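# Remarks on the overall topology
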Amino acid sequence: MIALVDCNSFYASCELVFRPDLIGRPVVVLSNNDGCVIAANKEAKALADIPMFQPVFKIKKELIANKVVFFSSNYTLYGEMSQRVVNILKTFSSKVEVYSIDESFIDLSTVPHEELETFGHQIKNTIYRLTGLPVGVGIAKTKVLSKLANKMSKKIPNKNHVCVINSDDDRVEALKWSPVTSIWGIGKKHSERVIAIGVATAYDFTQLPLAWVRKEMTVVGECIWRELRGESVMEFITEPKKKKAIGTAKSFGKKLESLDIIEEACSYYVGEVAEVLRTQNSCASAIHVFLVTNFFSMRDKQYSNSITVKLAMPTNDTFVLVTEAKKALHLIYKEGYKYKKVGVNLLGITPEEYVQGNLFKIPTESKKALTKVVDELNVKFGKLKVSSALVGTRVKEWELIKEERSPRYTTQWKEILTLKDK
DNA sequence: TCTGGGGTCCTAGGACCC
DNA sequence: TCTGGGGTCCTAGGACCC
């Protein structure tokens, strides 16, 4: 059996752990640049119409009228709280698959069937006691079914946030309860197609001929079909796989026209992704750079372009990567547009130890020591405190807007929570 | 005025190899 | 008229996830 443990309204819940004074009030967390709503607690969800991913400006009046509390996103805090949850899960099972920042699968094959429900409650209660975060637990034979059980644990009130799909009767009942649109892995496009041929519930979906599913929805659809029928086919991944691409792309705080400022933002992002690359001991053999104007704007002229450049030799050296990214950016930049976003992607990622030289270049150790020191300084003193001068110093002109970011309570001594006597 | 960011997997088709 | 058979690698595009 497999459990899916998922934190409720994760980002909003993290904020509330440190602001108990806000409990009971509607709380939302905003995306980068405070652009969209990306998380809302149940009080905020209960207010009519706060759909996720709504641009804030469209619903600002409504939010203010309802005295909703806003937070800018604070990924440092969420990442660290997530780690705490994972550490607790590891005390319940030796096999834990971290699926996302707020969800993990855990293997429960050693727990007797009749104890699963109690075990689920223990997990839920322990996480709440040690972190203050509420979670839901779904337990079933396969990953797709445990996702479904998790959904039921939250939607069906008497489940009290723990739901076990134990017998085959349970399974059929669950399938008939679930609309096909909410099955994990079946998105908007595929839902529309199966609804068109008369499928309404997950149960209906499992009654489709496998050949049709395979043909119309590829092997991905076939896996879902099998898992819903109780056949476990998805791998349990306990070791995080090395990333095959590492990228970042963020909208600027304001629109930018001049190449040199965009260049600085681009270089800064390269610095970020290069650091991730080094932490997984890999090198990139190509770099992809793209540049776009604000495509929502009806007035501005639109332009976007991208370019992929192959490197002479795979590398994880920030200095080389920044230089190459800048050259690439120069090739796609055109004057006279108001740019909204620049992005970089590192591709062709290979393990550091396999990097080969070529006729003209051999891999060199010379800068490794420097890079190592720079990385260590940044761990100690904060993100990108030390970086290539190519990155520049005009960060303020392009950086993200985060007006309501909470303190980094758990990772910065200066921002630690303080308790006062009244 | 203001509209997120970071990923994965699959398939088809083209270019190329022997 | 008839035009091989077995591959790999890469890219673009589609669909999906949180």
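Refer to the structure printed above.
Residues numbered from 1 in each chain as written. Chains lettered and ligands numbered in written order. Predicted model: local features only at pLDDT ≥ 70, side-chain atom pairs only at ≥ 80, totals over all residues. Heavy atoms only, no water.

## Here we look at the sheet that holds strand E4 (residues 69–72)
Spatially, the 3 strands line up as an open sheet ordered E3-E2-E4, and their pairing is mixed. Of all strands in the sheet, those with a lone pairing partner are strand E3 (37–40) and E4, marking the two edges. Averaged over all pairs of adjacent strands, the angle between their axes in this sheet comes to 30 degrees, without regard to strand direction. Packing of helix H1 (residues 10–18) onto the sheet brings it into contact with strand E2 (27–30), E3 and E4, and relative to E2 it is tilted by some 115 degrees. (Pairing = 2+ DSSP bridges. Helix = DSSP H or I, 4+ residues; strand = E, 2+ residues; numbered from the N terminus. Axes fitted to C-alpha atoms, helices over the stretch in contact; angles between N-to-C directions. Contact = heavy atoms within 4.5 Å.)

## Observations regarding the protein's contact with DNA strand B
The environment of DNA strand B is made up of 25 residues, and the closest members are Phe53, Lys244, Thr248, Ala249 and Ser251. Side-chain polar atom of arginine 214 to a phosphate oxygen of DNA strand B: 3.1 Å apart, as the coordinates give it. Within the side chain of threonine 248, a nitrogen or oxygen atom sits 2.3 Å from a phosphate oxygen of DNA strand B. At the level of secondary structure, the elements contributing two or more residues to the surface near DNA strand B comprise helix H10 (210–228), strand E9 (246–256) and strand E12 (339–347). Looking at the surface near DNA strand B element by element, the count peaks at 7 residues for E9. Split by residue class, the surface near DNA strand B holds 10 nonpolar, 7 polar and 8 charged. (Near = heavy atom within 4 Å. Polar contact = N/O pair within 3.5 Å; in protein donor to acceptor, adjacent residues only side chain to side chain. Nonpolar A, V, L, I, M, F, W, Y, C, P; charged D, E, K, R; others polar.)

## A closer look at the protein's contact with DNA strand C
What surrounds DNA strand C is a group of 13 residues, the closest being Asp102, Lys147, Gly185, Lys189 and His190. Across the atoms of DNA strand C situated within 4 Å of the protein, the share located in sugar and phosphate is 100%. The side chain of serine 100 places a nitrogen or oxygen atom 3.1 Å from a sugar or linking oxygen of DNA strand C. Broken down by secondary-structure element, the contributors of at least two residues to the surface near DNA strand C are strand E5 (96–100) and helix H8 (188–196). No other element matches H8, which puts 3 residues into the surface near DNA strand C. Its residues placed into classes, the surface near DNA strand C shows 4 nonpolar, 4 polar and 5 charged.

## Some thoughts on the sheet that holds strand E6 (residues 103–107)
Adjacent strands of a sheet form backbone hydrogen bonds with each other and so pair up, either parallel or antiparallel. Ordered in space as E5-E6-E1-E7-E8, the 5 strands form an open sheet in which the pairing is mixed. Every other strand in the sheet has two partners, leaving E5 and strand E8 (162–164) as the edge strands with one partner each. Sheet twist, expressed as the mean angle between neighbouring strand axes with direction ignored, is 15 degrees. In terms of strand pairing, strand E1 (residues 2–7) meets E6 through 5 bridges, oriented antiparallel. Bridge pairing in E6 places valine 5 opposite serine 104.

## So, the side chain of aspartate 107
Within the element layout of this structure, aspartate 107 appears in strand E6. No salt bridge is formed by the buried aspartate 107, whose closest oppositely charged neighbour, lysine 95, lies at an N-O distance of 4.2 Å. Once residues lying within four places of it in the same chain are set aside, the contact partners of aspartate 107 are Met1, Ser93, Lys95 and Phe236. (Buried < 20%, exposed > 50% of the residue type's maximum accessible area, 1.4 Å probe, protein only. Lys, Arg positive; Asp, Glu negative; His and termini not counted. Salt bridge = Lys/Arg side-chain N within 4 Å of Asp/Glu carboxyl O.)

## Some details on the nonpolar core
Judged by nonpolar contacts, the single largest core of 38 residues is most densely connected at Leu108 and Ile123. The set of elements that each furnish at least two residues to this core consists of E1, H1, E2, E4, helix H4 (75–89), helix H5 (116–131), strand E7 (135–140) and E8. Ignoring anything within four residues of it in the chain, the contact list for isoleucine 123 reads Val5, Leu89, Phe92, Ile106 and Val137. Judged by nonpolar contacts, the second largest core, of 36 residues, contains Val270, Ile307, Val344 and Trp398. (Core = buried A, V, L, I, M, F, W, Y, C linked by side-chain atoms within 4.5 Å.)

## Thoughts on the packing of aromatic side chains
Inspection of the entire model under this criterion finds 15 aromatic pairs. Note on tyrosine 11 and tyrosine 78: the rings are 4.3 Å apart at their centroids and 10 degrees apart in plane angle, and the pair reads as stacked. Of this pair, tyrosine 11 sits in helix H1 while tyrosine 78 sits in helix H4, placing them 67 residues apart in sequence. An angle of 85 degrees between the planes, with centres 5.9 Å apart, marks the rings of tyrosine 75 and tyrosine 78 as edge-to-face. Of this pair, tyrosine 75 and tyrosine 78 both sit in helix H4, separated by 3 residues, roughly a single helical turn. Sitting over the face of the ring of phenylalanine 105, lysine 143 holds its NZ or CZ atom 4.9 Å from the ring centroid. (Phe/Tyr/Trp six-rings, centres within 6.5 Å; stacked < 30°, edge-to-face > 60°. Lys NZ or Arg CZ within 6 Å of the ring centre and 35° of its normal.)

## Focus on the pairing of E4
Burial along E4 is two-sided: Val69 and Phe71 and Phe70 and Ser72, pointing in opposite directions, are all buried. Where E2 and E4 come together, 4 bridges link them in parallel fashion. Bridging across to E4, valine 29 finds its partner in phenylalanine 71.

## Describing the packing of H8 against H10
Running from N to C, H8 and H10 point in directions that differ by 145 degrees, and their axes come no closer than 11 Å. The crossing of H8 and H10 is right-handed. In this structure, H8 uses His190, Arg193 and Val194 to contact H10, whose residues at the interface are Trp212, Glu216 and Met217. A breakdown of the residues in the contact of H8 with H10 according to their chemical character gives 3 nonpolar, 1 polar and 2 charged. (Left-handed = near helix turned anticlockwise from the far one by under 90°.)

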